[in-house]
Every structure is written in structure tokens, then in C-alpha cells.
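If you want the building blocks of each chain, they are given just below.
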Amino acid sequence: MSKKLKTTPLTDNFRMPGEHESQEAIWIAWPERTDSWQWGAKLAQTAFVEVACAIAEETPVNMIVSAGQYENARQQLPSHIRVVEMTTNDSWMRDMGPTYVINTFGERRGVDWQFNAWGGLLDGLYFPWDADDAIARKVCEFHGDDLYRAPFVLEGGSIHVDGEATAFTTEECLLHSSRNPELSKEQIEEHLKEYLNVEKVIWLPNGLYNDIDTNGHVDNLIHIARPGEVILSWTDDENDPQYDISRQALDVLESVTDAKGRRLEIHKLPIPGPLYITEDESDGFDSCEGMDRCAGVRLAGSYANFLITNNRIIYPLLDESKDEFVKEKLKEIFPQHTIVGVNARNILLGGGNIHCITQQIPAI
């Protein structure tokens, strides 16, 4: 049985591994919420199945499914993908799942962040969110791993680490008044150092343009290829509001060193589109105060929102004019990996993408 620990990863010498390190499994949660997902989530379910199958070619996949959707999911998923019945409020596994930490003795533990649906009662996307907040503990119980319950609100998509003591995040998200208004930037940074066991936090000003659902998660703006290498969402169009955001991020990344004193190598990955919700795509959602799915709204589309899982990259296909270029660029950055694209428009319409709906369990 899992134990809830009263220490921290820092005091116990556990660290969060980078996504490029070896993984035992990937967790995904089945979409069914009708205000998040169009037409009863049927289109999203098809996309989630495609993502799960692409991952499962390399890494075992566990799919969380509610009791009411169990038979539907089981029929849509191939038999080698495990279906696990759990209750959720929605399906953003990166944010509600556990962040794992490991040590040098082959031990693994989970970090259970406090989850408030990206803003709580101030500007959260839905209420209640208690089932989502319980998922991290349940996943740790499933694996028999002890866990730390962090004393502050955080989502997994708001952080990236390189596995060698450097973390990346955005001020837009972590300093937002809907997360931890009682904590200063310095206090939040200390919490990150305690619960990720990192020595340095690199703060970027903002997340991707119009990523309002998450208040600017870092995983929609950048990805960490490996220690010392960062992939940055980019546009050369100076009239695009994304240009200034990416330019400011580049200025920060080029001016800092990581925890090991290295200058960062920056790979620029073009943003798709810009992409906008069409008239057809604005149909089929139940109404919700927290989410804007109106025609003409710009989507926070990003190719940086991909998953590294063992020897495979699963990236979103979002723009026919750029998809192939992005694949070739990812091949250059990850020459030892198989690069697999999955049609992800229907995930993006829900407010995130492939990295957002997945959470890795490190191998030990």
C-alpha cells in the first residue's frame, strides 16, 4: 500500500527525471465531458485512441475510464492497452496525474500536486474538480508507489525539467492569482526546488498566445529535448502576437545557463496556422462558463506539445503546410527516435494537445 510521506523529494534525494529518460508506462484519461469535447466527445475519443495506439507501439499505455464509458472505451481500444476504471472530472492527465521522482537506488515516488481545474473558483474551467485532484494518489496506489502531497497548487503542464537539476516554467501561469496568491515568486521557486529537487528555475515571461485555459502552460511553448537543449515555439511574423512572446522567451533562454552551467542550444519549431475555431467546430459543445469555444477564437496550437516516450516521439498534426517540415525538424533533433504524427485537431479543440493528455511513469 502507498504511503503519504511527510518529507520532500529534496530531503530524500529524489529528483524528477527528464522526459527523455526511460519510461515504464504512459497514462491517459478517456474524454467524455460534453462541455470540453465536441459532440459528446466522440471525435476526441477517436483522437485519444490514435494517440494511445501510437504510444503503445513503444511504451505500455494505461487508459483511465469511468464506469459509464468502460465498455465503449474497451471496444475502441486494442487489447494490449490496459483499461483502468477510475472517476475523473475531465481528461488532462498531465495536469492531474502524479509527477514522478526517482533516486539512484532504483526507487520511485509520486508527487501529488494540489489541482484546482486551472484556477479554482476565480477562473477555473469547471467545478467540481475533486475527482481529478484524487487521480495522482490513485495512480500511485496502482503502482504501489509512495507519494508526497505538495502544499500548493500546480499542474504538470506548467513545468518542464531537464533531469539534471534545471526546471522551466512561466510567470504567467505560476504567478497567476488563481493558483497560489499567498505565495511570492521566491516562495514558489523554493517549493519547486523542494518537490522537483532542482537547483535552478528558469522563468519565461508568458506561455503561448491565447493559451487562456491554462494561463500559459510552459509545455505549450517549449519542450526539453535533453539537458542543454530547448525546443521553442516560433514565428517569424512580427505582426503575430506570438512573435513578441517567443522573442522574449528566446531572450531569456539565450541569456541564462542551466544548473550545470551550460549555455542552452535553442531549436526553433514553427507554430501551426495560426489556427481558428471554425463555425462547424463551434457547434456540439454543451455550454460552460469557463471555456470559450466560439467560432473565430484563435486556438493555442503548438507543435511543441508533443510526447517523448522511450525511442518514440508522438507529435500533433495540425497544419498540412507545416506538418512535414516539423517532422523533419524533429528527426534532426531526435535522430535515434521514431517520429510519429497523429491528427490532433480534435484534441486541440478541447484546449490542449498530446503532451497535455499524457503522463509518463519513469522506469526503475
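What this report covers is the structure whose coordinates are included nearby. The structure displayed is predicted, hence computed values, not measured ones. (Residues numbered from 1 in each chain as written. Predicted model: local features only at pLDDT ≥ 70, side-chain atom pairs only at ≥ 80, totals over all residues. Heavy atoms only, no water.)

Time to look at the pattern of salt bridges. Under the defined criterion, the tally for this structure stands at 20 salt bridges. Because the salt bridges share partners, they merge into one network encompassing E24, R108 and D145. (Salt bridge = Lys/Arg side-chain N within 4 Å of Asp/Glu carboxyl O.)

Right, let's talk about the sheet that holds strand 12 (residues 229-234) for a bit. The pairing of strands in a sheet happens through backbone hydrogen bonds and is either parallel or antiparallel. The three strands lie next to each other as 11-12-13, forming an open sheet whose pairing is mixed. The two strands at the open ends of the sheet, each matched to only one other strand, are strand 11 (222-226) and strand 13 (265-270). In this sheet, adjacent strand axes meet at a mean angle of 30° when their direction is disregarded. Relative to strand 12, strand 11 is paired through four bridges, and the arrangement is antiparallel. The residue of strand 12 that forms the bridge with I222 is L232. Its contacts with the sheet put helix 10 (residues 241-255) on strand 12 and strand 13, and the angle it makes with strand 12 is roughly 160°. (Pairing = 2+ DSSP bridges. Helix = DSSP H or I, 4+ residues; strand = E, 2+ residues; numbered from the N terminus. Axes fitted to C-alpha atoms, helices over the stretch in contact; angles between N-to-C directions. Contact = heavy atoms within 4.5 Å.)

Taken together, the side chains of D236, D237, E238 and D244 define an acidic patch exposed on the protein surface. In this fold, D236 is placed in the loop between strand 12 and helix 10. (Patch = residues over 30% accessible without salt bridge, like charges linked within 9 Å, V, L, I, M, F, W, Y side chains within 5 Å. Areas by Shrake-Rupley, 256 points an atom, 1.4 Å probe, with all protein chains shown as cover. Lys, Arg positive; Asp, Glu negative; His and termini not counted. Charge placed at Lys NZ, Arg CZ, Asp CG, Glu CD.)

Let us now look at helix 2 (residues 42-56). For helix 2, with 15 residues, the first-to-last C-alpha span of 21 Å sits near the 21 Å given by 1.5 Å per residue. Buried residues of helix 2: A44, Q45, A47, F48, V49, V51, A52, A54, I55 and A56, and no others. (Expected span 1.5 Å × (residues − 1). Buried < 20%, exposed > 50% of the residue type's maximum accessible area, 1.4 Å probe, protein only.)

Burial of strand 7 (residues 147-153) is extensive: five of the seven residues sit out of reach of the surface. Across two bridges, strand 1 (residues 4-5) lies against strand 7 in parallel orientation. Paired with K4 across the two strands is L147, which belongs to strand 7.

Bringing the sheet that holds strand 7 into the picture now. Strand order in the open sheet made by the four strands is 1-7-6-5, with mixed pairing throughout. Each of the sheet's edge strands pairs with one partner strand only, and the pair in question is strand 1 and strand 5 (99-102). As defined by bridge partners, strand 6 (residues 108-114) adjoins strand 7 across four bridges and the pair is classed as parallel. Bridge pairing in strand 7 links G110 to L147. Contacting strand 5, strand 6 and strand 7, helix 7 (residues 135-143) crosses the sheet at an angle of about 165° to strand 6. Contacting strand 5, strand 6 and strand 7, helix 9 (residues 185-196) crosses the sheet at an angle of about 170° to strand 7.

Before going further, it helps to spend a moment on the pairing of strand 17 (residues 359-362). Burial along strand 17 is two-sided: the face carrying Q359 and I361 and the face carrying Q360 and P362 are both buried. Of the strand pairs in this sheet, strand 2 (residues 23-29) and strand 17 are connected by four bridges, and their pairing is antiparallel. Considered in strand 17, the bridge of A25 is made with I361.

Before going further, it helps to examine the environment of L299. Relative to the elements of secondary structure, L299 occurs in the loop between strand 13 and strand 14 (307-309). A relative accessible area of 10% means that L299 is categorised as buried. Separated by 44 residues in sequence, L299 and S255 have C-alpha atoms that sit 30 Å apart. With near-sequence residues (within four places) excluded, L299 lies in contact with L275, Y276, I277, R345, L348 and L349.

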